Amino acid sequence: MSSLNGWHKGERAIQQKLGFHGAVSQSWTQIEGEMPEQHQKFYSTCLPFIPVTTLDSMGRPWSSILAGPDGEIGWASSETYDQLSMRAEVWDGDPLKANADYHADTTDGSPRKMLIAGIGVEFSTRRRNKFAGSIKAIEKQGGLLVICTTVNEAIGNCPKYITIRNLVPFPYTKPRVTHQEINLPQTGRLPSHLIAFILASDTVFLGSSYSASEEDAPRFPSHLGMNHRGGRPGFVRVRDDGRTLVLPDYSGNRMMSSLGNIEATALASLTFPSFTNGSLLYVTGIAHNLVGTPAQAIMPSQNALTTIEITGYIFIEDALPVRQHEGTEPQRSMYAPPVKLLKEEQASSTYFSTEDTIHATLSRIELHSSDLATFTFESPHKLDIIPGQAAILDFTSFLGALPYRHMAPENPNLVNDDRIRTWTISRCSSWNSVEDGVNTSFSLTMRLKPGGAVTGALFSIANKLSEVRPGFLEDSRPLGLAVTLVGIAGDFIIEPPDPHEGAKIAVTCDEEQTSVQGYAPRKLLWVAGGIGITPFLAMFSGIPFSCSTEYEITLLLSTREPEVMLSLLSNAIKVAPPEVKLTVHVFSHTEQFESSLPASVSLHRHSGRITSSFLSGFKAECVYVCGPEAFEREAIQGVVGKVRREGFAY
């Protein structure tokens, strides 16, 4: 039976902002007033550590880590449904110690009521449960803290965004506090290596607080919250000020208990763990939820997010007494969507206002193979696009919006599918045209993704037209298939030459019959995995026609369709200036294939895949790498020099 009397005002407010208050109006009844027996057993027998939230002397939440001695399980126990006791290892610097001292130290000798909330996550199974209540007693026993809690809220949570890990005890820790700013000055910021620590994290523990007014307290008493947030590494972003974190909100159970607490009490804490070296970053700060346009102004295409302006932080190295088992890799959740960058991280990107919607109509389709095609769209607007950039398209009007789904085991990508997709532009009418027209057409060369909602629909249309109305492939405009252009993004472009670098040489421009001072040829190395060739097709249009600079470009292409890819490449290099000298190395298990490349291109054939040892033999001013994540990881291991990456994820 629930101990609650309904949702408090903060929870109701955020549920209404997100448009699903009616759907979850009675879901508060799922929060039990005591722990079910399975929860008692779970906390007692499955967990090497439990993240908890407590308040400091200023009322700020901090997310601590309570752990079993030496990372072993069995350190927590529950004799009754409303009691949870923990004999925990708490290292110096963890906020719980100072928070416990504050609540115990009063002028009249009677301790303050100390609230607590916690979450248990079994990373090997993605199982998790939450509890909240108060601390009845806390005392020291040797090097441990014995914490007895009274539980009045308990609920099980879904496993959706938990990264599976094989964690093992690591009893040899030597915790040391290397940074401690309990009250960060208004001009203060996180050190750069701690920002990098956040951007490498795929897991964070989120603490929150609901501080009830006197009027609301009898019905909705004050309480704390603790939750897990997970995603792909870097899903939490850091703003340019170096102190404001941005936490995107992914589709969940829609109860919004954490964001509801923040809506009512604008404070939150985050703790980032490293499961490889045991480091922990604790932060606390002022939190705000943003929904709709204000959220998208910070993180484009993200409908809801929370900002946390850090007011205090602690960094402890070698503290967590469990580690990822050597030789194992974390298993990412299939529900985690691709990482979204902040608008300020995309200086060269343009996002269009929702008030001035820009539409693009499908105008042409080119089928290259059964799962590779180029779709050309036409916009009535003049668009400023740099070769190598990508189009961000909203296909909601084309496919319709998806209804809410809590889980989708048959296709996890559907849960957070906002119908927005990003593809590199392979051709654009403005790149090679001297006309100052108003319209812009741009082409997207894409691969059919198995189970993909958008590519599946586009290829279905293309294949059907090929069968019954092939004329519509050449001119698809009569179909009236229009989508919304959200923006033009990306900085995976050819950088202009640095006038201060490179050896000067004397060159003669035949057309002007003059001798000028130029530079040694620019040597660029392009490494493409399959459809990762797309930005390089565009980059030929980004090479300026100039008589002072030559380009020596080496393209390493790994593909299972060499003839198709070389055909695309052959069309793309037609727009390249004559100063470009291109060498192509094709790596494929297809040993026999025809080449459509012009004779001026030096082609080399290799069996198998690109290896890091092969890459290490090239020297270039800059190396550009584009392909699947695993391909890029292997490629950059052998790269020498400056590297630019443009991965793609779904």
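Not measured: the values here are computed from a predicted model.

Could you clarify how one ought to interpret helix α2 (residues 37-45) in this entry?
Counting along an α-helix, one turn takes 3.6 residues, and residues three or four places apart therefore face a common direction. Those residues of α2 that sit buried are His39, Gln40, Phe42, Tyr43 and Ser44. Residues of α2 that are buried make contact with β1 (49-55), β3 (76-77), β4 (83-89), β5 (114-122), β6 (127-141) and β7 (144-157).

Help me understand the sheet that holds strand β27 (residues 522-529) in this model?
Note: strands within a sheet are paired through backbone hydrogen bonds, in either parallel or antiparallel orientation. If you trace the six strands from one edge of the open sheet to the other, you get β30-β29-β28-β27-β31-β32, paired in parallel fashion. Only two strands of the sheet have a single partner each, and these edge strands are β30 (602-607) and β32 (643-645). Going across the sheet, the axis of each strand differs from the next one's by a mean of 15°, ignoring polarity. With three bridges joining them, strand β31 (residues 622-626) and β32 adopt parallel strand pairing. Each residue of the ladder has a partner; that of valine 625, found in β32, is arginine 645. Most of the contacts of helix α11 (residues 562-572) go to strand β29 (residues 580-588), to which it runs at about 165°, and overall it touches β28 (551-558), β29 and β30. In this fold helix α13 (residues 629-637) packs onto β27, β28, β31 and β32, with an angle of close to 160° to the strand it touches most, β31.

Can you help me understand the nonpolar core in this one?
Generally speaking, nonpolar side chains in soluble globular proteins are found buried as a group. In this structure, Trp526, Phe536, Phe540, Leu555, Leu569, Val584 and Tyr624 are the most contacted members of the largest nonpolar core, which totals 35 residues. Of all the secondary structure elements, the ones that give two or more residues to this core are β27, α10 (534-539), β28, α11, β29 and β31. Residue contributions to this core peak at six residues, all from α11. In this structure, phenylalanine 536 is in contact with Phe492, Trp526, Val527, Ala528, Leu555, Tyr624, Val625 and Cys626, ignoring residues within four places of it in sequence. Counting residues in each nonpolar core, the second largest holds 31 residues, with Ile358, Leu362, Phe472 and Ile488 among its members.

Please explain the pairing of β1 as it appears in this structure.
If a strand is regular, its side chains alternate between the two faces of the sheet. Counting buried positions along β1 gives seven out of seven residues, so the element sits mostly inside the fold. Here β1 shows no split at all, with Phe49, Pro51, Thr53 and Leu55 on one side and Ile50, Val52 and Thr54 on the other all buried. Alignment of β1 against strand β2 (residues 61-67), held across seven bridges, turns out to be antiparallel. By the bridge assignment for β2, isoleucine 50 is matched with leucine 66. If you look at the hairpin formed by β1 and β2, you'll find five residues sitting between the two strands, and glycine 59 has a positive phi there, around 80°. Two elements, β1 and β5, share two bridges in a ladder whose sense is antiparallel. The partner of valine 52 across the bridge, within β5, is glycine 118.

In this structure, what is going on with empty space enclosed by the protein? I would like to understand it.
The gaps left among the atoms become clear once a water-sized probe is rolled over them. Applying the stated criterion across every chain yields a total of one cavity of 30 Å³ or more. Counted as a void, the largest cavity has a volume near 40 Å³. In this structure, the largest cavity is lined by Leu362, Phe377, Phe395, Phe398, Leu458, Leu481 and Val483. Among the residues making up the lining of the largest cavity, the classes are represented as seven nonpolar, no polar and no charged.

I tried to follow the environment of glutamate 72 on my own but got confused; where do I start?
On the secondary structure map, glutamate 72 appears in the loop between β2 and β3. Given the relative accessible area of 44%, glutamate 72 is considered partly exposed. A sequence separation of 319 residues divides glutamate 72 from alanine 391, and the C-alpha atoms of the two residues are 50 Å apart. Once you skip the residues sitting within four places of it in the chain, glutamate 72 turns out to touch Leu47, Pro48 and Pro169.

When you look at the side chain of arginine 419 in this model, what are you seeing that I'm missing?
Along the chain, arginine 419 falls in the loop between α7 (396-399) and β22 (420-428). The buried category is assigned to arginine 419, whose relative accessible area is 8%. A distance of 2.9 Å separates a polar atom in the side chain of arginine 419 from the backbone oxygen of glycine 400. Look past the residues within four positions of arginine 419 in its chain and what remains in contact with it is Leu393, Asp394, Phe395, Thr396, Leu399, Gly400, Leu402 and Ala453.

What is the right way to look at the pattern of salt bridges in this model?
Side chains that carry opposite charge are capable of pairing whenever their charged atoms lie near each other. Using the criterion set out here, one finds 28 salt bridges in the structure. Between aspartate 216 and lysine 9 there is a salt bridge whose closest N-O contact spans 3.9 Å. Note that aspartate 216 is positioned in the loop between β10 (203-210) and β11 (223-230) and lysine 9 in helix α1 (residues 9-17), a separation of 207 residues in sequence. We classify lysine 9 as partly exposed; its relative accessible area is 44%. Each of Arg364, Glu366, Arg427 and Glu474 takes part in one network of salt bridges that share partners.

Would you mind going over the packing of aromatic side chains with me for this structure?
Pairs of aromatic rings are described using the distance from one ring centre to the other and the angle between the two planes. Per the stated rule, a full pass over the model turns up 20 aromatic pairs. Plain terms: the ring middles of tryptophan 526 and phenylalanine 536 are 5.1 Å apart, the flat faces sit at 15° to each other, and that makes the pair stacked. Remark: phenylalanine 536 occurs in helix α10 and tryptophan 526 occurs in strand β27; sequence separation between them is ten residues. By the burial criterion, tryptophan 526 is buried, and phenylalanine 536 matches it. Here the guanidinium or amino end of arginine 605 rests over the ring plane of phenylalanine 593, the centre of that ring lying 4.3 Å away.

The rules we used
Residues numbered from 1 in each chain as written. Predicted model: local features only at pLDDT ≥ 70, side-chain atom pairs only at ≥ 80, totals over all residues. Heavy atoms only, no water. Buried < 20%, exposed > 50% of the residue type's maximum accessible area, 1.4 Å probe, protein only. Helix = DSSP H or I, 4+ residues; strand = E, 2+ residues; numbered from the N terminus. Contact = heavy atoms within 4.5 Å. Pairing = 2+ DSSP bridges. Axes fitted to C-alpha atoms, helices over the stretch in contact; angles between N-to-C directions. Core = buried A, V, L, I, M, F, W, Y, C linked by side-chain atoms within 4.5 Å. 1 Å grid on protein atoms, 1.4 Å probe; cavity = no way out; pocket = protein on both sides within 12 Å on 5 of 7 lines; lining within 4 Å. Points joined across faces, edges and corners; volume = space filled by probe spheres on them. Nonpolar A, V, L, I, M, F, W, Y, C, P; charged D, E, K, R; others polar. Polar contact = N/O pair within 3.5 Å; in protein donor to acceptor, adjacent residues only side chain to side chain. Salt bridge = Lys/Arg side-chain N within 4 Å of Asp/Glu carboxyl O. Phe/Tyr/Trp six-rings, centres within 6.5 Å; stacked < 30°, edge-to-face > 60°. Lys NZ or Arg CZ within 6 Å of the ring centre and 35° of its normal.

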